[in-house]
Amino acid sequence: MDLFDNLALGFITASTLWNLLFCLTGVLLGTLIGVLPGIGATATIAMLLPVTFQIGDPVSSLIMLAGIYYGAQYGGSTTAILINMPGESSSAVTAIDGYQMARNGRAGAALATAALGSFFAGTVATFLVALFAPPLTKIALQFGSAEYFSLMVVGLVSSIALAHGSVIKALAMVVLGLLLGLVGSDIFEGTPRFTLGIREFADGLNFVAVAVGVFGVAEILRNLENEHDRSVMIRKVTGLMPTREDFRRMTAPVLRGTGLGSVLGILPGGGAILASFASYTLEKRVAKNPEEFGKGAIEGVAGPESANNAAAQTSFIPMLTLGIPANPVMALMIGAMIIQGIVPGPDVAAERPALFWGLIASMWIGNLMLIVLNLPLIGLWVRLLTVPYQVLFPAIMAFSAIGVYSVKSSAWDLYSVAFFGFVGYLLAKLRCEPAPLLLGFVLGPLFEENLRRAMILSRGDPTIFVTRPISAILLLAAALVLIVVLLPSVRKKREEVFVEEDA
Amino acid sequence: MNKLSIDPTNGACGAIFIAVGLFFGYQSLGQEIGNAFRMGPGYFPLVLSGILILLGAIIVVQATRVTGEPIGQIAWRGMIFILPAPIFFGLTVRGLGFVPALFVTALIAAFASQRMRPGTALIVALALTIFSTIVFSYALGLPFQRFGPWIPWVGA
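About the cut-offs
Residues numbered from 1 in each chain as written. Chains lettered and ligands numbered in written order. Predicted model: local features only at pLDDT ≥ 70, side-chain atom pairs only at ≥ 80, totals over all residues. Helix = DSSP H or I, 4+ residues; strand = E, 2+ residues; numbered from the N terminus. Rg over C-alpha atoms; globule rule 2.2 N^0.38 Å. Buried ≥ 20, exposed ≤ 12 C-beta atoms within 10 Å, placed from the backbone. Contact = placed C-beta atoms within 7 Å. Expected span 1.5 Å × (residues − 1). Bend = angle between axes of the 7 residues up to and from the residue. Nonpolar A, V, L, I, M, F, W, Y, C, P; charged D, E, K, R; others polar. UniProt positions renumbered as here; feature names shortened; annotations may be inferred. Core = buried A, V, L, I, M, F, W, Y, C linked by C-beta atoms within 7 Å. Axes fitted to C-alpha atoms, helices over the stretch in contact; angles between N-to-C directions. Parallel < 35°, antiparallel > 145°, perpendicular 65-115°, else oblique. Left-handed = near helix turned anticlockwise from the far one by under 90°. pLDDT = per-residue confidence, 0-100.

Some remarks on the overall build of chain B
Thinking step 1. Of regular secondary structure, chain B possesses six helices and zero strands.
Thinking step 2. Mapped from its N terminus to its C terminus, chain B presents α and β elements in the order α-α-α-α-α-α.
Thinking step 3. What you see for chain B is a C-alpha radius of gyration of 24 Å, clearly larger than the 15 Å of a compact globule of 156 residues, by over 25%.
Thinking step 4. Counting every position in chain B, which comprises 156 residues, the buried fraction comes to 39%.

The following block contains the structure:
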C-alpha cells in the first residue's frame, strides 16, 4: 500500500543518525527554552529558527524545527503544571488542574499524564496526517489563483476569530501584517516598494527579524514590566508513575481529547488553543465528578493536553498540503522553508517526497523522544525553573542577535529586530494580538500575487472569486466565520472564554 | 455624555493604525496604480492602506463610547536597555568583531533588569561571550571575524 511505502520512506529519512541527532537536539533545545517561564512556543521557535539554518540540508533543518516545536510545547506544559505559568495560551488550561495536582503533591503524576496523553495523541495524529495529507494535496494541485486567494482569506479570517479581544483590532493587525509583507520589490515589475530607500530591504523585511522582534523581544519586555519572584514550591518531583486508578481515569479523556484536537487542529487560525479549551469543557461536562475540576482533576490535564498535542500535529496538514499556515508556529515553518529554497504547497509532496514524509515520520520520533527523555530529565527542568530571569534574558538577547545576523549577515536585520521589538511591545500594550500580524506578514506576498494573477486571468472581473465553485465555497466559509464572531451572543461567549483563560 | 472622553488605549491604537495607513497610502500613491485588470505595484497596498485607515477610524470611534482597561505598567527600563542591544551588535559586529561586540551587547541587555548588579552583569556577559564564541564561532563555524579591524592590536 502506498501509505506504508511512503511512511517507510519517511522513517528511513528521519532515522538516519544525523537526522535523529537533529531531532534530539531540537527536542532538547525546545524544552530547554520552552520551560523558561513566560516564553511560549512561538517565541522559542522564533529565537531558535536561525540556529536551524546553519544545517545545510533542509530536511534536517525542518526536522530539528519540528523537534523544537514539540519540545517547546512540552516545556510549556511543564511550567504550567509546576509553577502555574503557562508559556502558551494552549497550555493555560493545563495549568488549571495541573497546578492544583502539583500542590496536592501529585506533580509527578500530572507531568506523566501530560506526557503520556501527548504521546498517544501525537501518534494518532501523525497517522492522520500521513493518511489525509496526500489526498488533500491532490485536491490542492487543482487550485488556481482564485482558490488560493480565497483560501488565504479563510486562513486570515480564522486567525482573527481565534485572537483575543477586539475583532476589529485583530483585523487591523492582519492588514498591517499584509502591508509589512509587501515591503520589498514588486513581484511583477520589480520596483522597490516601501523600502525607504534602504537597499537591504529590497528583498523584503527579514522574516526572522520580524518574528524575533514581535514575539521574542516584545515578550521579554513584557516580562520585565513587573519583576517578581517566582515561587517554585516543587523542588523535587517524585512519584512519576501514575497509579492504576489514574490510568483508568485518564483513558477516556485522552481518547476524546485526541479526537477533538485532531479535527480542530486542521482549522486555520490556532486550533490548538481552541482544542484544549473545548476538551476541558467537554471533560467537565461528561465527568461524574465535575466539582473536582479546578481542584486537581487528572481528567482536566489528560484531555486538554492530548487535544492540544493532536491539534499541534494536524495543523501541519494545511501547511504541508497547501502552504497555508494554520497558526503562527506554522507561519514560522513556512518562513523557514522559503529561506531554505522550498516553496511550500502541494508540489512539496510530489517533488520532495523524502522531505515531506521525513517530516511526518520525525513528528512521531520527536514525540517518542520527548517521552523517553523528558520524564527522566524532569529533575533538570525543575532546576532550570529556579534560574533567575535576569540571567536568562541577556542570554536570549545575545543568541537572538547572533541568530538573526547569521541569516544573511545584514546589520539592518538587527535594527529591524529592535524596531519590531518596540512595535510588538507597543501593540501588545494596546491590546493587539501579534499572531494575526505574523500570519498576514507571511501571506502578504502570496496573497497579492494570487489576487493579481486571478484578476489578470479574469480580465479585471472580480466575480471570478465567486463564479469558481471551490473559491465561492471558501469565501462563503470565511464570511460565515466573520459573521459568527461578530454576532453579539457569540461575542459575549468568546469574551468569557478568553477572560477565563487570562485568569 | 462628555464629548471629550476617549479611552486612551483604544484611542492611541486607532490613531496609530490611521497614521500607518496614511504612511503606506502616501507611499503607494508614488507607485504605478494601474487598474483592476492589470494592477500596478501600488494598487493592492493602496487598497490595504484604505482598509487600515477605516479600521483605525472605527477603533477611535469605539474608543469614545467604551472605556477599556488602563495601559498599565510600561517597561521603560527594559526598553532603554533591551532595544539598543541588537542595534549595538549590528553597528559593531563588523568593526569590533564578534567577540567584543557580543560581550557589550550582552552587558547592555543585562542592565534591563532592576535586579542586575554590575558584578553579576559582567559575569553573565563574560560567560555568554565565551559560550557563544565556542558554540557559534568554533563549533558551528559561523563566518564571523572574532576580532575586527577597529582593534587591530588584538590578534585575529
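Anyway, onward from the coordinates.
What to know about the overall build of chain A
Thinking step 1. For chain A, the count of helices and strands is 22 helices and two strands.
Thinking step 2. In terms of overall dimensions, chain A is globule-like: its C-alpha atoms have a radius of gyration of 22 Å, near the 23 Å expected for 503 residues.
Thinking step 3. For chain A, the residues scored as buried account for 61% of the 503 residues in total.
Thinking step 4. Considering only contacts in chain A between residues 6 or more positions apart, those separated by 24 or more positions represent 80%.

As for helix H19 (residues 434–457) of chain A
Residue and element names in this part refer to chain A.
Thinking step 1. For H19, which comprises 24 residues, the first-to-last C-alpha distance of 34 Å matches the rise-based estimate of 34 Å (1.5 Å per residue) to within 8%.
Thinking step 2. The sharpest bend along H19 measures roughly 50° and falls at Leu-443, with the proline Pro-445 sitting one to four residues further on.
Thinking step 3. Of all 24 residues in H19, 19 are buried, a share of seventy percent or more.
Thinking step 4. One or two residues past the end of H19 sits Arg-459, with phi positive at roughly 55°.

Some details on the interface of chain A and chain B
Thinking step 1. Contacts between the two partners involve 52 residues from chain A and, on the opposite side, 56 residues from chain B.
Thinking step 2. At the level of secondary structure, the elements contributing two or more residues to the side of chain A that touches chain B comprise helix H8 (167–181), helix H9 (207–224), helix H17 (389–408), helix H18 (411–429) and H19 of chain A.
Thinking step 3. With 11 residues, the top contributor of residues to the side of chain A that touches chain B is H17(A).
Thinking step 4. The class makeup of the residues in the side of chain A that touches chain B is 34 nonpolar, seven polar and 11 charged.

Here's the deal with helix H4 (residues 58–83) of chain A
Residue and element names in this part refer to chain A.
Thinking step 1. With 26 residues, H4 should reach 38 Å at 1.5 Å per residue; the first-to-last C-alpha distance of 37 Å fits that figure.
Thinking step 2. Summarising burial for H4: 25 of the 26 residues are buried, a large majority.
Thinking step 3. One or two positions beyond H4, positive phi appears at Asn-84, with a value near 60°.

Observations regarding the UniProt feature "transmembrane region" (unreviewed entry) in chain B
Thinking step 1. UniProt's feature table lists "transmembrane region" (unreviewed entry) at residues 12–30, 42–62, 74–91, 97–113 and 120–140 of chain B, given in the numbering used throughout.
Thinking step 2. Its end C-alpha atoms 26 Å apart, residues 97–113 of chain B is made of 76% helix and 0% strand.

Some details on the environment of Ala218(A)
Residue and element names in this part refer to chain A.
Thinking step 1. Assignment of secondary structure puts Ala-218 in helix H9.
Thinking step 2. Judged by local crowding, Ala-218 falls into the buried class, with 24 C-beta atoms found within 10 Å.
Thinking step 3. Counting along the chain gives 209 residues from Ala-218 to Leu-427, while the straight-line C-alpha distance between them is 9.3 Å.
Thinking step 4. Setting aside its immediate chain neighbours within four residues, Ala-218 contacts Gly-213, Gly-421, Gly-424, Tyr-425, Ala-428 and Pro-434.

Here's the deal with the nonpolar core
Thinking step 1. Counting residues in each nonpolar core, the largest one holds 226 residues, and the members touching the most others are Ile45(A) and Ala109(B).
Thinking step 2. Non-local contacts of Ile45(A), meaning those with residues more than four positions away in its chain, are made with Leu65(A), Ile68(A), Tyr69(A), Ala72(A), Val329(A) and Leu332(A).

Focus: the packing of H4(A) against helix H5 (residues 92–103) of chain A
Residue and element names in this part refer to chain A.
Thinking step 1. Where H4 contacts H5, the axes come no closer than 6 Å and their chain directions differ by 50°. Here H4 lies oblique to H5, going by the angle between them. The chirality of how H4 crosses H5 is right-handed. Contacts from Ser-77, Ala-80, Ile-81 and Leu-82 of H4 reach H5 at Thr-94, Ala-95, Gly-98, Tyr-99 and Ala-102.
Thinking step 2. Looking at side-chain class alone, the contact of H4 with H5 contains six nonpolar, three polar and no charged residues.

Notes on the packing of helix H5 (residues 98–110) of chain B against helix H6 (residues 118–139) of chain B
Residues and elements named next belong to chain B.
Thinking step 1. Where H5 meets H6, the axes come as close as 8 Å, and the angle between the chain directions of the two elements is 140°. It follows from the interaxial angle that H5 and H6 lie oblique. In this structure, the crossing between H5 and H6 has a hand that is right-handed. Contact residues: H5 offers Phe-98, Val-99, Leu-102, Phe-103, Ala-106, Leu-107 and Ala-110, while H6 offers Ala-121, Val-124, Ala-125, Leu-126, Leu-128, Thr-129, Ser-132, Thr-133 and Ser-137.

As for the confidence of the model for chain B
Residue and element names in this part refer to chain B.
Thinking step 1. Summary statistics for chain B give a mean pLDDT of 85 and a share of 94% for residues scoring 70 or more.
Thinking step 2. For chain B, H6 is the element with the lowest average pLDDT, namely 86, and helix H4 (residues 84–92) is the one with the highest, namely 92.
Thinking step 3. Model confidence for the complex: the whole-complex pTM is 0.81, and ipTM, which rates the interface, is 0.90.

Quick notes on unusual backbone geometry
All names here are of chain A.
Thinking step 1. You will see that Arg-431, though not glycine, has its phi angle at about 60°, which is positive.
Thinking step 2. Here Arg-431 is to be found in the loop between H18 and H19.
Thinking step 3. One non-glycine residue, Arg-459, lies in the positive phi region at around 55°.

A few points about the environment of Ser409(A)
Residues and elements named next belong to chain A.
Thinking step 1. Looking at the element boundaries, Ser-409 is found in the loop between H17 and H18.
Thinking step 2. Classification of Ser-409 by C-beta neighbours within 10 Å gives exposed; the count is 12.
Thinking step 3. Sequence separation of Ser-409 and Ile-187 is 222 residues, and the distance between their C-alpha atoms is 24 Å.

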